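Residue strings, one per chain:
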Amino acid sequence: MTAVWAIFKKELRIYFVSPLAYVFLSVFLFLSGLFFYLGLTVNGEASLRVMLGNLAITMLFVLPMLTMRHFAEEQKAGTFELLMTSPVPLGSLILGKWAASIVLCLLMFLGTLIFPAVLAYYGDPDWGVMATSYLGLILCSFAFCAAGLFASSLTTDQVAAGLAGIIILLPFWLIGSATSFTTNETLRQILESAALLTHLRGFTRGVIDSADLAYFASFSFIFLFLTYRTLESRRWR
Amino acid sequence: MIEVKALCKRYGPLLAVKDLDFHVGKGSILGFIGPNGAGKTTTMRILTGYLPATSGDAWVAGFDVFESPMEVKRRVGYLPERPPLYPELSVGDYLYFVAEIRRVPARERYRRVGEVMELVGLSGWERRLLGSLSKGYRQRVGLAQALVHDPQVLILDEPTSGLDPGQTVGIRELLRDLGGDRTVILSTHILAEVEAACDHVVLINQGRIVASGSLEQVRHEATGGIVYGAELQGEDIIMAVAELEETTRVEPLPGDGAFQALKIWADSDPRPAIARLAANSGWQVRALEKITPSLEDAFLAIVGREPSAHRPGRSSR
């Protein structure tokens with residue numbers, strides 16, 4: 001646990017002493033502001049539906065950029081050797097890094113809370129739906145961070161890791177629309193249950209379904225597990 | 001303190017380390033020398049638990065490296081060939097982080113960080129960013145991180161590479177001061193360093209140990225006995241010297257002008273006998289000396305005769 005905490009603090013420190021975190025937060029808040037404005041002017045309803053929906057796809061492109069550094073850079077700079085020759089279990093290392101990227105995501109969601117405040121001032125939003133939408137988005141960011149970490153463990157090149165992260169995540173987004181192209185019912189159901197949108201939809205309607213929770217939990221778990229296996233197998237090569 | 005038995009490491013078809021056996025006692029400093037690519041770094045990475053071995057056993061600080069890697073990692077300070085630094089962190093933050101992951105108790109961390117910074121000559125540098133340090137200072141930070149948890153065993157991969165002569169001497173002195181009950185393995189291809197700092201030497205080439213023991217033993221092994229040199233002027237020198245009881249072999253060297261230079265192998269010191277012979281025969285003596293081979297000579301002698309001797313072992317490639 002000490003190791004997780006130490007790694008977590010170090011990662012956050014590196015985020016905030018480099019411009020990365022600030023650039024990331026400002027880009028994200030700018031886009032959310034834009035989506036919020038568009039959502040209000042186009043639909044004219046006092047909800048965050050448009051903004052939150054668009055933020056999910058934004059995260060798909062932005063979060064891999066946030067996590068690409070983690071293992072790629074450690075391996076390139078030789079600091080991975082320091083971590084692996086210290087009494088730090090590999091699992092703690094991965095959890096510490098995941099926790100640091102999650103905290104950064106939570107900070108950026110914190111920044112978007114100004115929009116519900118604006119809505120509350122001028123209108124009468126549905127707070128339940130808003131809360132579940134946020135929950136869905138947060139779970140989604142956890143899962144994306146896990147996938148980003150996995151991408152970062154695959155290569156020593158940061159940019160390649162970032163692109164790999166997007167390439168890994170994009171299919172989960174796209175298969176949601178692919179379902180309309182197939183007439184095979186079994187295939188359609190498989191695609192639908194693997195698609196991100198299917199599982200986000202419930203949250204945006206104010207429903208917390210245990211199937212959706214399980215989807216995001218296993219999404220995160222599988223990618224963290226794959227990260228573990230990839231890093232472990234690197235030692236044997 | 002460190003025990004290695006029949007250690008092998010294979011990278012695919014390449015045999016990086018083959019049948020390594022050695023032992024380092026508590027409190028001694030072992031010099032690990034060999035040309036680039038001999039397997040020094042691989043061996044050190046295995047001992048620190050970074051790489052698994054293909055076969056063989058290794059114990060460090062009383063623990064099996066492969067069965068209880070965490071126990072070993074707690075007791076070993078390791079400086080890789082390239083100091084593992086985060087350029088974004090400051091010296092102080094970095095060392096504090098290393099102290100944390102190396103499990104220095106929370107209330108001792110600040111004190112330990114201060115102590116090691118003082119020890120390696122970094123006092124007053126805690127706020128400098130690692131990315132802005134020169135090579136020599138990066139190396140010092142690297143050494144400080146290896147020492148921060150006060151390890152029983154120190155494994156240093158080329159600790160003085162890239163340092164200027166003054167810094168090199170500084171590091172050597174530091175190593176000697178650190179000694180005491182700490183066990184140190186340091187790898188290098190600078191032989192003067194081994195002569196200055198180490199008690200024992202393991203000479204490794206193409207993944208095998210080609211010589212090991214004290215400095216004296218390795219020198220002896222390399223040159224095949226003690227060698228003497230003489231520069232004499234007179235008649236039938238070579239014959240007369242070779243006939244002496246003490247000498248086993250005499251080899252003429254190109255002398256200058258009137259003096260004949262000789263290289264003499266002997267079981268016991270032949271110098272008094274040669275001096276007596278010279279006096280009786282009316283020779284002129286310009287030099288009569290015991291030649292202590294430098295480690296460089298030993299190294300070249302051993303490594304130079306290696307490839308032919310060990311080629312069969314690499315047939316697996």
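Right above here is the structure, for reference.
Please read these numbers as outputs of a predicted model, since none were measured by experiment.

**Points about the interface of chain A and chain B**
Turning to step 1, where the next piece is worked out: Counting from both sides, the interface comprises 27 residues of chain A and, opposite them, 29 residues of chain B.
Turning to step 2, where the next piece is worked out: At the boundary of chain A with chain B, total buried surface from both sides reaches about 2600 Å², with 62% on carbon and sulfur atoms.
Turning to step 3, where the next piece is worked out: Our count for the chain A to chain B interface comes out at three salt bridges.
Turning to step 4, where the next piece is worked out: Taking the shortest distance from any N to any O, the salt bridge between Glu81 of chain A and Arg45 of chain B comes out at 2.9 Å.

**A closer look at the pattern of salt bridges**
Opposite charge on two side chains permits pairing when their charged atoms draw close.
Residue and element names in this part refer to chain A.
Turning to step 1, where the next piece is worked out: Evaluation of the coordinates by the stated rule reveals 21 salt bridges over all chains.
Turning to step 2, where the next piece is worked out: Across the pair Lys97 and Glu11 runs a salt bridge whose closest N-O atoms are separated by 2.7 Å. Here Lys97, found in helix α6 (residues 90-112), pairs with Glu11, found in helix α1 (residues 2-17); they are 86 residues apart in sequence, far enough to count as distant. Per residue, the accessibility class of Lys97 equals that of Glu11, and both read buried.
Turning to step 3, where the next piece is worked out: For Glu185, the salt bridge goes to Arg188, with nearest N and O atoms at 3.0 Å.

**Thoughts on the nonpolar core**
Turning to step 1, where the next piece is worked out: Judged by nonpolar contacts, the single largest core of 147 residues is most densely connected at Phe22 and Tyr94 of chain B.
Turning to step 2, where the next piece is worked out: The greatest single-element share of this core, amounting to 13 residues, is contributed by helix α8 (residues 127-154) of chain A.
Turning to step 3, where the next piece is worked out: Look past the residues within four positions of Phe22 of chain B in its chain and what remains in contact with it is Ile2, Glu3, Val4, Leu30, Phe32, Thr43, Leu47, Ile185, Val202 and Ile209 of chain B.

**Quick look at the pairing of strand β4 (residues 55-60) of chain B**
Residues and elements named next belong to chain B.
Turning to step 1, where the next piece is worked out: Inspection of the sheet shows strand β1 (residues 2-11) paired to β4 by five bridges, in the antiparallel sense. Along β4, the bridge assignment pairs Ile2 with Val60.
Turning to step 2, where the next piece is worked out: The antiparallel pairing of β4 with strand β5 (residues 63-64) creates a hairpin that spans two residues between the two strands, and Ala61 there sits at a positive phi of about 55°.

**Quick word on the packing of aromatic side chains**
The description of two aromatic rings rests on the distance between their centres and on the angle between their planes.
Turning to step 1, where the next piece is worked out: What the rule picks out here adds up to 20 aromatic pairs over all chains.
Turning to step 2, where the next piece is worked out: Residues Tyr215 of chain A and Phe216 of chain A carry aromatic rings whose centres are separated by 5.2 Å and whose planes lie at 80° to one another, so their mutual orientation is edge-to-face.
Turning to step 3, where the next piece is worked out: On the basis of relative accessible area, Tyr215 of chain A is assigned to the buried category, the value being 12%.
Turning to step 4, where the next piece is worked out: Exposure remark for Phe216 of chain A: the relative accessible area of 1% places this residue in the buried category.
Turning to step 5, where the next piece is worked out: Taken together, Phe150, Phe172, Phe203, Tyr215, Phe216, Phe219 and Phe223 of chain A form an aromatic cluster joined through their ring pairs.
Turning to step 6, where the next piece is worked out: Lying across the ring of Tyr15 of chain A, Arg69 of chain A places its NZ or CZ 5.5 Å from the centre.
Turning to step 7, where the next piece is worked out: Lying across the ring of Trp265 of chain B, Arg249 of chain B places its NZ or CZ 4.0 Å from the centre.

Definitions and cut-offs
- Residues numbered from 1 in each chain as written.
- Chains lettered and ligands numbered in written order.
- Predicted model: local features only at pLDDT ≥ 70, side-chain atom pairs only at ≥ 80, totals over all residues.
- Heavy atoms only, no water.
- Contact = heavy atoms within 4.5 Å.
- Buried area = accessible area lost by both parts, 1.4 Å probe.
- Salt bridge = Lys/Arg side-chain N within 4 Å of Asp/Glu carboxyl O.
- Helix = DSSP H or I, 4+ residues; strand = E, 2+ residues; numbered from the N terminus.
- Buried < 20%, exposed > 50% of the residue type's maximum accessible area, 1.4 Å probe, protein only.
- Core = buried A, V, L, I, M, F, W, Y, C linked by side-chain atoms within 4.5 Å.
- Pairing = 2+ DSSP bridges.
- Phe/Tyr/Trp six-rings, centres within 6.5 Å; stacked < 30°, edge-to-face > 60°.
- Lys NZ or Arg CZ within 6 Å of the ring centre and 35° of its normal.

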